[in-house]
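The residues making up each chain are set out below.
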Number of protein chains: 2
Amino acid sequence: MEKSGGKQVSVVVPPLEGLAGGGTAYGWSDGGLEDSILYTGEVDPTKVPTADLLHVWCMPSTANIGQQEIPRPLDNISLLAARNEKESVQIVLRPKVSWACSGIAGVVQMHCTDLCSSSGDRLAVGQSLTLRRVVPILGVPDALVPLDLPVSQINLLPGETTAIWLSVDVPPGQPPGQYEGVVSISALKGELGCTSQSMPKLEKSELYRELKSCLDSVDPVDGRTMNELVEREKYTTSVLRRILFSPMFHEFSSDNGSTEMMDEDALTNLSVLLKISVTVWDFTLPITPSLPAVIGVSHITIFMLLELHGIVQLNISFFIVVLIAIMISETVIEDRFRVEHGTDGWFDALDQHFRWLLQYRISPFFCRWGDSMRVLAYTCPWRADHPKSDEYYSNLRLAAYAVPYYPILSGSNSDAEKDSLRKEVEILKNKAHWGKAYFYLWDEPLNAEQYEVIRSMSREIRTYAPDARVLTTYYCGPSDVHYAPGTFEAFVKVPNLLRPHTQIFCTSEWVLGAREDLVKDITAELRPENGEEWWTYVCMGPTDPHPNLHLGMRGTQHRAVMWRVWKEGGTGFLYWGANCYEKATVPSAEIRFRRGLPPGDGVLFYPGEVFSSSHEPVASARLERLLSGLQDIEYLKLYSSRYGREASIALLEKTGVYLGPERYAADHMPVDLMRAEIYHTCHS
Amino acid sequence: MEKSGGKQVSVVVPPLEGLAGGGTAYGWSDGGLEDSILYTGEVDPTKVPTADLLHVWCMPSTANIGQQEIPRPLDNISLLAARNEKESVQIVLRPKVSWACSGIAGVVQMHCTDLCSSSGDRLAVGQSLTLRRVVPILGVPDALVPLDLPVSQINLLPGETTAIWLSVDVPPGQPPGQYEGVVSISALKGELGCTSQSMPKLEKSELYRELKSCLDSVDPVDGRTMNELVEREKYTTSVLRRILFSPMFHEFSSDNGSTEMMDEDALTNLSVLLKISVTVWDFTLPITPSLPAVIGVSHITIFMLLELHGIVQLNISFFIVVLIAIMISETVIEDRFRVEHGTDGWFDALDQHFRWLLQYRISPFFCRWGDSMRVLAYTCPWRADHPKSDEYYSNLRLAAYAVPYYPILSGSNSDAEKDSLRKEVEILKNKAHWGKAYFYLWDEPLNAEQYEVIRSMSREIRTYAPDARVLTTYYCGPSDVHYAPGTFEAFVKVPNLLRPHTQIFCTSEWVLGAREDLVKDITAELRPENGEEWWTYVCMGPTDPHPNLHLGMRGTQHRAVMWRVWKEGGTGFLYWGANCYEKATVPSAEIRFRRGLPPGDGVLFYPGEVFSSSHEPVASARLERLLSGLQDIEYLKLYSSRYGREASIALLEKTGVYLGPERYAADHMPVDLMRAEIYHTCHS
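Rules of the game
Residues numbered from 1 in each chain as written. Chains lettered and ligands numbered in written order. Predicted model: local features only at pLDDT ≥ 70, side-chain atom pairs only at ≥ 80, totals over all residues. Heavy atoms only, no water. Phe/Tyr/Trp six-rings, centres within 6.5 Å; stacked < 30°, edge-to-face > 60°. Helix = DSSP H or I, 4+ residues; strand = E, 2+ residues; numbered from the N terminus. Buried < 20%, exposed > 50% of the residue type's maximum accessible area, 1.4 Å probe, protein only. Lys NZ or Arg CZ within 6 Å of the ring centre and 35° of its normal. Pairing = 2+ DSSP bridges. Polar contact = N/O pair within 3.5 Å; in protein donor to acceptor, adjacent residues only side chain to side chain. Contact = heavy atoms within 4.5 Å. Axes fitted to C-alpha atoms, helices over the stretch in contact; angles between N-to-C directions. Parallel < 35°, antiparallel > 145°, perpendicular 65-115°, else oblique. Left-handed = near helix turned anticlockwise from the far one by under 90°. Disulfide = S-S within 2.5 Å. Expected span 1.5 Å × (residues − 1). Arc of directions from axis to C-beta.

A.B. asks: Please give an account of the packing of aromatic side chains that cites residues and values.
C.D. replies: The geometry of two aromatic rings is summed up by the distance between their centres and the angle between their planes. By the definition in use, this model includes 42 aromatic pairs over all chains. Relative to Phe505(A), the ring of Tyr474(A) lies with its centre 6.4 Å away and its plane at 90°, an arrangement referred to as edge-to-face. Residue Tyr474(A) is found in strand S18 (residues 470-474), and its partner Phe505(A) is found in strand S19 (residues 504-508); the two are separated by 31 residues along the sequence. Exposure remark for Phe505(A): the relative accessible area of 0% places this residue in the buried category. Between Trp281(B) and Phe283(B) the ring centres are 5.2 Å apart and the planes differ by 50°, which places this aromatic pair in the tilted class. Here Trp281(B) matches Phe283(B) in class, with each residue buried. Here the aromatic residues Trp346(A), Phe347(A), Phe354(A), Trp382(A) and Tyr392(A) are joined through ring pairs into a cluster of three or more. Positioned above the aromatic ring of Trp566(A) is the side chain of Arg645(A), whose terminal nitrogen or guanidinium carbon lies 5.1 Å from the ring centre.

Structural data, given as structure tokens:
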């Protein structure tokens, strides 16, 4: 009988400490702390460099930083950003010791300066520079909860790593140049987390009673004798003395209020200083993905497709349109924020969501489900004859908008609703923004009957506006019509069934699996000369290792969703849901993902009320990475405008950013490489 | 080309919400919250039942409750405990909504009452009843950080489950009976977590300045004119008024201090009330595992072994001794607490550790490594001629003690050290507690030379006291002596090499693998009639799925370490380290496990300074489970005293508690079953 019996025999030295080389690694040390703290019973952060109390280091925005992330050396932050671009990086903190009193390891203060260029231009903290704490959702770092600026305080927990998401949002008009600033990180004296500083209710109530007794004794002043006044003043004096010399105010009484200044000095000497350097270059991301005029759509798409398939090499990158349309659930808003459809509160709530999502270069639409998979999708909550309509649809940040097909909700096509639809279309079709309009009528039709419903709705719409565009999502052909020899063939031939009743053919990336080469089979069936476009979408599928936006996927996997769109050549991307958490009827209710969905699927932001008293939505790191991916596309567009689309694909591949749905960057380095290459070759 | 292309085709319905049955599960609800909160813009915990704001439920002490543990229905707590037994259970909290201001979901107050019997006896909160927060270490719930009692406040984080470890420690003299009490759990109004309550430094400093100006204006009182006095009093009045009516004291000024009472009433109506019922039964765990007198050791062991192997069926369970010896690293204490060997601070630090560990029915010894794997193991830091020596060794809670073999440290056997050893032994060998003494000289000898060193040291010791006992740990025979045909045979025959120089043969459980039947091969080689004993130990191995104390193993896997000892019939158990974390020189330094060891291996408690200003060590859940396992052994001893050892093994197996190193309870139910069965059959 061997003692190893199926065990690893390699481990034979017992795990015991050794003074003289025996045992396991006792006394191994990564240095630092031990050398500089003079142990005096407790750790005083006003006397010890912050660097001795906590690890501080930086990681890229694509890193998922768990609570057990291991410290790394601190490097200064160096970012490259175009104008109108948002770049992010993470500052990571982990205590080396505990210096606070109860439960937490300690409180850290972060202070950000403006970023300044040598010519005096600024990226202002709080506006262009923001800090957010990365909060885990289901244990995965995802929610980005805003911190106060320019100074914020963060509680660190023993044995836990905390990440802070720093974003630089460069305004479109920012002068190019080198911007420099500093984040200083200082461990604060324990008080803040401890009883002595956060005045407990009892202590406060005691203070109130003492001061009240003081006031009662001196008030009213008039009509007293001299003796009474002197007695009372003596009483007041004694009470005030007692209060002021109590432990509560110990910190102030000992050095007569000069602490503030001293603290400031001390902080600067002891703080960890993290230099931030941002290179803003002479490239401006378009406010919208450069949008074609109404009649231009089909022509642009032709060029784009010709170019994509190598038929034409055009240097007209500004023609290339990639937009993201994203769904906001109307019913989720109504339930959670308790707003009744059509009330002022309802319009406000939808308006707030719309404006907030526009920041992310995304074209939002609201959605309500009808019978079966009919959808009422609309970008503007107001009708076309309302002044808000033009304000919404003309917004430069909006790349596409959904026009509501009202008859969907009733189930029957009543004359009133038909009339309502006709009026809506007749107003919109004459506007300059009509080129951004589309109708999204049915989600993923599955059989012949459903295809016929789409055709019939489209027919009606096109009666009112022959150039109206209908978007249809699908991942298969109709199950009950055998018009093609196989499942994939039936999928690819869907345009034959929907022509001319659909212009935007929006297919699931899941269908492709790892077979990127199938893209050409899809696009070969489309007629861009007739204005037909190819968009893609992801929802439950594809799953790991393919790009998607699920919680728990790698950061580069989230960002790769848009790299994939660029390489495959689609002109739009649809995401099925931004706020599709489980039903709740209180804004601050815990966030629950819907049953049966991968975590995070259909949820790109969270209600702010869950994390603070703020009503502003809290972005997910995944939403930021989607934006970063879209910004990468703008870089790639710029590069193709100089060197052609083929060269942009070659660059994606050469730098290791994206080669295919199963071969793309696992960490951030290739992303920086690609962006730097585009900067070096394209900046003037 | 099939569209499924290697994907799951089963998922065909897209994950979309539906009003009319379409889509995925939107609106599914587990009820509760939505029905009772009247949404009024923000959640006010003084108006809403706490049960609507958070989930509260209970789980057994063997559950590892992660931050994403899913809520369960709330059942009241019902525990069975003997006198002198400690039983624990976990109360689990998870917010349903957020009701505080910044970062946290809300603050919860827990209030415990004493547990009272109908005859008026009590288990007092703070003494017999304690609460500790379960804090993750490397993401695994483990550190048990004490909470204030009888009232404590806990911050809950959004989307995070928090566990509170409730222990009932029944005093040896507690009258049997049914004890009942209540833990009330109340969501507190946000203030506590928010700026308005915890007075920030600036606000406090402002208050200080105002009060100081008040004092300066009235002081000194003497020598002022009437007019001056009146003016100054008017000034004082106005300042005090301004302070008292400031938002800082809003809560007091509005209702003149009557809030306290109102709050109390409101809390009771809205709180979650969790009833605790403890059945204390008429069985008292011995203060020490019932220890034999000096000369009795060998006889008891004989009976025990005879009984174990079915040769004799004895109902003399009090003869059965199982003790745990556990190592505390002296060097870790010296480094972390900066105490110099032999100073008062050093004695204090060791003394504190010794006393603290005794609570856990464990016999601690300190340890320092010499050359190679020589160990200086000693239970009492003072020499035998010091009064502390008797105090330590006579302690009823101590089941065994290590006597230091001083020559180990010098490396050479100087006469002074030999003399020192001789004196030590000569004093101790005449004491009543000498029967508990053992020498632990070398850890895991590996070759003939090391075996000879052990023999030589043992020879020396036995010159001074022929009945001295030497403990030797081993997991193999000497690598360079071929006296047995195989590795396992060489391991089993070690007693032949060490007889009579070792009395306690302490073998690694790892050697057995899943082959419990090999136990009889080990014990067959021992001569209990000569006082030889068999102990076991675990360290790096065995690993999952076998019982051990590593972090991340199941709770029942930790507890099974002692079930295994009972079933295999060893009389002692040695654990290699209680505080063997990585080197640090500040008490509050972060806890790092040693490189190359499984997490938690050699660490059963943490320095209190890491979690709070307390200097008391913080127990791990694993240490509590080791204690629970030892208590289970006392139950099994009681049961064997009535029905025989075979019946106790049958009970372990019948209830599913422990059948073998790969077959034991995965969850808590079998443990309760077994304990209940012993209670029902053995209580009078």
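On we go.
A.B. asks: Quick one: what's the story with the pairing of strand S15 (residues 375-378) of chain A, residue by residue and with numbers?
C.D. replies: Consecutive side chains of a regular strand alternate in pointing toward one face of the sheet and then the other. All names here are of chain A. Along S15, one buried face is formed by Val375 and Ala377 and the opposite face, lined by Leu376 and Tyr378, is buried too. Pairing geometry for strand S14 (residues 363-369) and S15, over four bridges, is antiparallel. Looking at S15, one finds that Arg368 is bridged to Leu376. In this antiparallel pair of consecutive strands, S14 and S15, the connection spans five residues, and Ser372 shows a positive phi of 55°.

A.B. asks: Help me get a handle on the side chain of Arg132(A), residues and values and all.
C.D. replies: Residue and element names in this part refer to chain A. With respect to the helices and strands, Arg132 occurs in strand S7 (residues 129-137). Of note is the side chain of Arg132, whose polar atom sits 2.9 Å from the side chain of Glu624. Residues in contact with Arg132, not counting those within four places in the same chain, are Lys86, Leu144, Val145, Pro146, Leu147, Ala163, Ile164, Trp165, Ser167, Tyr360, Ala619 and Glu624.

A.B. asks: Any chance you could break down unusual backbone geometry for me, citing the residues and the numbers?
C.D. replies: Look at the link from Leu149(B) to Pro150(B): it is a cis peptide, with omega at 0°. Assignment of secondary structure puts Pro150(B) in the loop between strand S8 (140-146) and strand S9 (151-156). The peptide bond linking Arg499(B) to Pro500(B) adopts the cis configuration, its omega dihedral lying at 5°. Summarising the element assignment, Pro500(B) is placed in the loop between helix H15 (494-498) and strand S19 (504-508). The phi dihedral of Leu138(A) is positive, around 50°, even though this residue is not glycine. Relative to the helices and strands, Leu138(A) resides in the loop between S7 and strand S8 (140-146).

A.B. asks: So, the sheet that holds S7(A): which residues are in play, and what are the values?
C.D. replies: Across a sheet, paired strands are connected by hydrogen bonds in the backbone, their directions being either parallel or antiparallel. All names here are of chain A. Taken together, five strands build an open sheet; the order of strands is S1-S3-S10-S7-S8 and the sheet is antiparallel. Pairing within the sheet leaves two strands with one partner each, and these edge strands are strand S1 (54-60) and S8. Taken over all neighbouring pairs, the strand axes of this sheet differ in orientation by 30° on average, direction set aside. Where strand S3 (residues 86-95) lies against strand S10 (residues 162-169), eight bridges are found, and the strand directions are antiparallel. Bridging across to S10, Glu87 finds its partner in Val168.

A.B. asks: An account of the packing of helix H18 (residues 621-643) of chain A against helix H19 (residues 645-654) of chain A is needed here, citing residue identities and associated values.
C.D. replies: Helix packing for two helices is described by the angle between their axes and how far apart those axes are. All names here are of chain A. Taken N-terminus to C-terminus, the directions of H18 and H19 make an angle of 130°; their axes are 7 Å apart at the nearest point. By the angle class used here, H18 and H19 are oblique. With respect to the hand of their crossing, H18 and H19 are arranged in right-handed fashion. In this structure, H18 contributes Leu636, Tyr639, Ser640 and Tyr643 to the contact, and H19 contributes Arg645, Ala647, Ser648, Leu651 and Leu652.

A.B. asks: Explain the state of the cysteines to me, and be specific about the residues and the numbers.
C.D. replies: On inspection of all chains with the given rule, the structure shows zero disulfides over all chains. The closest cysteine sulfur to the non-disulfide-bonded Cys476(A) is located on Cys539(A), 12 Å from its own sulfur. Cys476(A) gets classed as buried once you look at its relative accessible area, which sits at 12%. Of all cysteine sulfurs, the one in Cys580(B) lies closest to Cys367(B), which takes part in no disulfide; the gap is 8.1 Å.

A.B. asks: Pulling in residues and values, what's your account of helix H12 (residues 415-428) of chain A?
C.D. replies: Residues and elements named next belong to chain A. Taking 1.5 Å per residue as the helical rise, H12 with its 14 residues ought to reach 20 Å, and the 20 Å between its terminal C-alpha atoms agrees with that figure. Listed as buried for H12 are Glu417, Ser420, Leu421, Glu424, Val425 and Leu428. Projected onto a plane normal to the axis of H12, the buried residues spread over an arc of 125° and lie on a single side. Residues Asp415 and Ala416 are exposed on H12 and point more than 90 degrees away from its buried face.

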